[in-house]
Amino acid sequence: MYKIAKGNLSALFQLIAGERELYVPVNNGGQVNFAAWTEDAQVDLDTLKSVKSPKDAFFPQSENLYTCYRDGKKIKIEPEELQNQNFVVFGMKACDVKGVEVLDKVFLTDPVDTFYAARRAHGTIVAMACHEPEETCFCKVFGIDCANPVADVATWMVEGELYWKALTEKGEALTTAVASLLTDADEAKVEAEQAAIRAIVEKLPYSDLSLEGWNGDVLTEKFNSPVWEELYKPCLACGTCTFVCPTCQCYDIKDYDTGHGVQRYRCWDSCMYSDFTMMAHGNNRTSQLQRFRQRFMHKLVYFPANNDGMYSCVGCGRCVEKCPSSLNIVKVVKAFEKQGGDQ
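Keep in mind that this is a model prediction, so the values were computed, not measured.

Student: What exactly am I supposed to notice about the sheet that holds strand E10 (residues 183-184) here?
Tutor: To summarise the sheet geometry, strands pair through backbone hydrogen bonds and adopt either a parallel or an antiparallel arrangement. Read across the sheet, eight strands follow the order E3-E2-E6-E7-E8-E9-E1-E10 without closing on themselves; strand pairing throughout is mixed. On the outer flanks of this sheet lie strand E3 (31-36) and E10, each paired with one strand and no other. Both strand E6 (residues 87-92) and strand E7 (residues 123-128) contribute to a ladder of five bridges, which runs parallel. When the bridges of E7 are listed, Phe90 appears paired with Val126. Contacts between helix H1 (residues 9-17) and the sheet are confined to strand E1 (2-5), strand E2 (21-28), E6, strand E8 (153-158) and strand E9 (161-166), with E2 contributing the most and set at about 140° to the helix. Across the sheet, helix H5 (residues 188-203) is in contact with E8 and E9; its angle to E8 comes to roughly 80°.

Student: Help me understand the pattern of salt bridges in this model?
Tutor: Opposite charge on two side chains permits them to pair, given that their charged atoms come into close proximity. Inspection of the entire model under this criterion finds 18 salt bridges. The residue Lys140 makes a salt bridge to Asp208 at a minimum N-O spacing of 3.9 Å. Pair noted here: Lys140 is in the loop between E7 and E8 and Asp208 is in the loop between H5 and helix H6 (219-223), with a separation of 68 residues, a long-range link. In this structure Lys140 comes out as partly exposed when scored by relative accessible area, which is 30%. Note on Asp208: relative accessible area 62%, which makes it exposed. The shortest N-O distance in the salt bridge between Arg264 and Asp255 comes to 2.7 Å. For Asp255, a relative accessible area of 45% gives the class partly exposed. One salt-bridge network, in which partners are shared between bridges, spans Glu63, Asp113, Arg119 and Arg266.

Student: How do you make sense of the packing of aromatic side chains when you look at a structure like this?
Tutor: By the definition in use, this model includes 16 aromatic pairs. When the ring of Phe59 is compared with that of Tyr251, the centres are 6.3 Å apart and the planes differ by 70°; the resulting orientation is edge-to-face. In this pair, Phe59 sits in the loop between E3 and strand E4 (62-71) while Tyr251 sits in strand E11 (residues 251-257), placing the two residues 192 residues apart along the sequence. By relative accessible area, Phe59 is classed as buried at 1%. An aromatic cluster is built from Phe59, Phe107, Tyr116, Phe243, Tyr251, Trp268 and Tyr273, whose rings are joined through pairwise contacts. Sitting above the plane of the Trp214 ring, Lys222 keeps its charged end 4.8 Å from the centroid.

Student: Mind showing me how you'd approach the nonpolar core here?
Tutor: Grouped burial of nonpolar side chains is what soluble globular proteins tend to show. Within the largest apolar cluster, 56 residues are counted, with the highest numbers of intra-cluster contacts made by Phe138, Trp214, Trp228 and Phe292. Among the elements of the structure, helix H2 (94-107), E8, H5, helix H7 (227-231), helix H9 (288-306), helix H10 (318-322) and helix H11 (329-339) are those that each provide at least two residues to this core. Among the elements that line this core, the one with the most residues is H9, at seven residues. Ile16, Val88, Val178 and Leu182 belong to the second largest nonpolar core, which has 21 residues in total.

Student: How do you make sense of the state of the cysteines when you look at a structure like this?
Tutor: By definition, a disulfide links two cysteine residues through a covalent bond between their sulfur atoms. For the structure shown, the criterion picks out zero disulfides. Cysteine Cys137 shares no disulfide, and the gap to the nearest cysteine sulfur, in Cys130, comes to 6.3 Å. Given a relative accessible area of 9%, Cys137 falls into the buried group. In this structure Cys139 is not part of a disulfide, and its nearest cysteine sulfur, from Cys146, lies 4.3 Å away.

Student: Even after reading the chapter, I still don't get the sheet that holds E4, so can you show me in this structure?
Tutor: If you trace the four strands from one edge of the open sheet to the other, you get E5-E4-E12-E11, paired in antiparallel fashion. Of all strands in the sheet, those with a lone pairing partner are strand E5 (74-79) and E11, marking the two edges. For this sheet the average axis-to-axis angle between neighbouring strands, irrespective of direction, equals 25°. Sheet topology places E4 next to E5; six bridges connect them, and they run antiparallel.

Student: Any chance you could explain H9 here in plain terms?
Tutor: Since the α-helix advances by 3.6 residues per turn, residues separated by three or four positions end up pointing in the same direction. End to end, H9 covers 25 Å across 19 residues, agreeing with the expected 27 Å (1.5 Å per residue, within 8%). Most pronounced at His298, the bend in H9 amounts to some 55°. Just downstream of H9 lies Asp308, where phi reads positive at about 55°.

Student: What exactly am I supposed to notice about the side chain of Arg119 here?
Tutor: Within the fold, Arg119 resides in helix H3 (residues 114-122). The class of Arg119 is buried, set by a relative accessible area of 14%.

Student: Help me understand the side chain of Ser50 in this model?
Tutor: Among the structural elements, Ser50 can be located in the loop between E3 and E4. Using a relative accessible area of 7% as the deciding quantity, one classes Ser50 as buried. Reaching out from Ser50, the side chain makes a polar contact with the backbone oxygen of Lys52 at a distance of 2.4 Å. Apart from the residues lying within four places of it in its own chain, the contact partners of Ser50 are Val32, Asn33, Phe34 and Arg318.

Student: Any chance you could explain H2 here in plain terms?
Tutor: Here H2 is 14 residues long and its end C-alpha atoms lie 20 Å apart, about the 20 Å a rise of 1.5 Å per residue gives. For H2, the tally of buried residues reaches 10 of 14 residues, placing the bulk of the element in the interior. Those residues of H2 lying buried are Ala94, Cys95, Asp96, Val97, Gly99, Val100, Val102, Leu103, Asp104 and Phe107. Where H2 is buried, its residues touch E6, H3, E7, E11, H9 and H10.

What counts, and where the lines are drawn
Here, residues in each chain are numbered from 1, in the same order as that chain's written sequence. The model is predicted, so local features are restricted to residues of pLDDT at least 70 and side-chain atom pairs to those at 80 or more, both for listing and for counting; the totals for chains, interfaces and linings are taken over all residues. The side-chain values count all of the structure's non-hydrogen atoms but skip hydrogen atoms and water molecules. Whether two strands pair depends on DSSP finding at least two bridges between them. Secondary structure elements are defined from DSSP: runs of H or I of at least 4 residues count as helices, runs of E of at least 2 residues count as strands, and each element is numbered from the N terminus. In what follows, residue pairs with any heavy atoms lying within 4.5 Å of each other are defined as contacts. Structural elements are reduced to axes, namely lines fitted to C-alpha atoms, with helices fitted over the stretch in contact, and the angle between N-to-C directions of any two is expressed from 0 to 180 degrees. By salt bridge we mean one thing: a side-chain nitrogen of Lys or Arg within 4 Å of a carboxyl oxygen of Asp or Glu. The rule is simple: take the accessible area with a 1.4 Å probe, protein chains only, and divide by the maximum for that residue type; under 20% is buried, over 50% is exposed, in between is partly exposed. Stacked, tilted and edge-to-face pairs are distinguished by plane angle, under 30 degrees for stacked and over 60 for edge-to-face with tilted covering the rest, among Phe, Tyr and Trp rings (Trp via its six-membered ring) whose centres lie within 6.5 Å. Any Lys NZ or Arg CZ found within 6 Å of a ring centre and within 35 degrees of that ring's normal is scored as a charge over the ring. Among the buried residues, those of types Ala, Val, Leu, Ile, Met, Phe, Trp, Tyr and Cys that are joined through side-chain atoms within 4.5 Å form a nonpolar core. Whenever a pair of cysteine sulfur atoms sits within 2.5 Å, that pair is classed as a disulfide. What a helix is expected to span follows from its residue count: subtract one and scale by 1.5 Å. To get the bend at a residue, fit one axis to the 7 residues ending there and another to the 7 starting there, then take the angle between the axes. Pairs of N or O atoms are called polar contacts if they sit within 3.5 Å, as long as, within protein, a hydrogen donor faces a hydrogen acceptor (for residues adjacent in sequence, only side-chain-to-side-chain pairs).

Right under this line is the structure:
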């Protein structure tokens with residue numbers, strides 16, 4: 001294990017950015033989101049969670065797929081280049097790292113999404129333990145230990161020093177690249193920090209949320225439950241929950257006329273929107289109840305049914321914080337627990 005003083009992190013970032021692209025949490029107008037590092041960026045490692053998850057380092061909110069040009073009577077197609085430069089995402093929390101694992105199940109399963117696969121191949125994740133988890137956090141429910149993030153490199157901020165531990169070959173390579181700034185460290189302080197973090201987690205209001213009755217075997221009972229009929233009503237269909245979520249993977253594909261050709265691109269979409277998957281014949285889910293139910297059934301039933309029990313939620317709490325109607329996955333689970341789910 002190694003360490004570096006917090007005051008030397010700018011030098012660390014500069015060294016990393018000299019050889020790789022670097023993405024860090026940046027405070028812009030009071031909102032913290034991951035962005036490309038620059039020397040004048042206001043890096044914020046103290047805010048627990050970014051507004052959006054850093055998943056767009058691997059699954060961008062918008063990305064070009066190819067461009068079509070007219071060449072006389074012929075159409076010329078130029079595919080967009082795949083990611084070919086190594087990059088580092090620095091400061092991801094354990095829940096967001098787990099979110100990437102969920103995306104892996106979607107995009108790296110046949111047929112493999114080559115755009116996503118290229119980013120995963122070239123990306124190195126430096127995760128940071130959560131110094132002080134918040135009341136909206138419930139990652140423990142999904143088996144995530146926010147005191148011990150599992151990534152290429154795990155880090156902990158303790159008493160003004162960043163402790164650094166490589167966990168994979170990518171992590172070892174990055175550690176070698178920045179070795180000149182690191183010094184040997186004793187793990188004792190990290191162990192004490194982990195114990196303090198876990199003690200906080202045990203006191204959080206949602207840490208004991210029960211997922212009993214939610215899995216891939218309860219499709220019919222949960223799908224047909226009358227609980228949805230009351231639960232969905234405050235939903236505004238704004239899509240906020242899907243855009244801040246680390247695991248939502250829905251996207252749309254659109255065309256844009258640049259005046260010099262047509263760009264085909266994909267962008268995040270939301271199953272909460274009335275025009276989601278709209279086709280010539282219409283839409284398969286015609287009511288907000290159906291759309292609301294789809295989001296949570298996918299997280300808690302459909303996804304685990306097809307992925308060896310892995311839930312498509314990581315307990316980051318962003319939907320708890322951001323939903324303007326106070327509707328979120330915690331409320332859904334509690335509503336079914338209260339009503340028995342099948343009544």
